[in-house]
Amino acid sequence: MASKSNLSVVIDIGTSKIVALAGERNELGKLEIRGISKVLSKGIRRGVVYNIEEAANCIEQVLTRLESQLDEEIVKVNVAYAGQHMKTIDYQDSRFTSEEGVVSKFDIDHLYNEAKRVELEQHYEIVQVIPTYYEIDGEVIEQNPVGITGREIIANYKLVIISDEYLANLHR
């Protein structure tokens, strides 16, 4: 099965079922669902993978079913996974703008990379950094602030963190 399109595939790993969904953007930019597959979960209790082999078999089964619907190979999958071992924390950082008082991509990238390097409690890792909003000289900006005039940028993020042990199980 050769890849023919630019598929987006997400798999939701839950305690009772595992669901995979595939879609792609049409010419109008809207997401069209091309396939959906689900199986009963095994090896997962209360959002925690306790039997890696059983969970992996279920994931393989749901993706194989989805591929057969699509008649296309799935090469990349995004995972939606929640449980007691995951947390979100708020993080805020600031800096003064470079480039003569205009917010640049460098400024935003620098703040984002600093958020990715935050020291966490022992045995936790950041799995996602989500920008929530920015403040430029005290004014709240909810979109990308690149190009806005101002001196001080305050970036606010949600950091999604997970324990090392559970992250290792997910990778397996």
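Thresholds applied
- Residues numbered from 1 in each chain as written.
- Predicted model: local features only at pLDDT ≥ 70, side-chain atom pairs only at ≥ 80, totals over all residues.
- Heavy atoms only, no water.
- Helix = DSSP H or I, 4+ residues; strand = E, 2+ residues; numbered from the N terminus.
- Buried < 20%, exposed > 50% of the residue type's maximum accessible area, 1.4 Å probe, protein only.
- Contact = heavy atoms within 4.5 Å.
- Lys, Arg positive; Asp, Glu negative; His and termini not counted.
- Charge placed at Lys NZ, Arg CZ, Asp CG, Glu CD.
- Pairing = 2+ DSSP bridges.
- Axes fitted to C-alpha atoms, helices over the stretch in contact; angles between N-to-C directions.
- Salt bridge = Lys/Arg side-chain N within 4 Å of Asp/Glu carboxyl O.

What about the overall build of the chain?
Within the chain one finds three helices and 10 strands. Along the chain, from the amino end to the carboxyl end, the secondary structure elements read β-β-β-β-β-α-β-β-α-β-β-β-α. For the chain, the residues scored as buried account for 36% of the 172 residues in total. In the chain, 63% of the contacts between residues at least 6 apart in sequence involve partners at least 24 apart. In the chain, which carries 19 positive and 28 negative side-chain charges, the distance between the mean positions of the two groups comes to 7 Å.

What about the sheet that holds strand β7 (residues 86-96)?
Pairing is antiparallel across the open sheet formed by four strands, whose spatial order is β7-β10-β8-β9. Looking at the sheet topology across the chains shown, the edges are occupied by β7 and β9 (139-141). Across this sheet, the average inter-strand angle for adjacent strands is 35°, counted without regard to direction. Where strand β8 (residues 124-136) lies against strand β10 (residues 152-163), 11 bridges are found, and the strand directions are antiparallel. Bridge pairing links Tyr133 to Asn156 in β10.

Side note on the pattern of salt bridges
Applying the stated criterion across every chain yields a total of seven salt bridges. Across the salt bridge formed by Asp90 and Lys158, the nearest N and O atoms sit 2.6 Å from each other. In this pair, Asp90 sits in strand β7 while Lys158 sits in strand β10, placing the two residues 68 residues apart along the sequence. You can call Lys158 partly exposed: its relative accessible area is 32%. Between Asp107 and Arg95 there is a salt bridge, and its shortest N-O distance comes to 3.2 Å. With Asp107 in helix α2 (residues 105-116) and Arg95 in strand β7, the pair connects residues that are 12 residues apart, well separated along the chain. A relative accessible area of 0% places Asp107 in the buried class. Among the ionic contacts, a cluster of salt bridges with common partners joins Glu24, Arg34 and Glu72.

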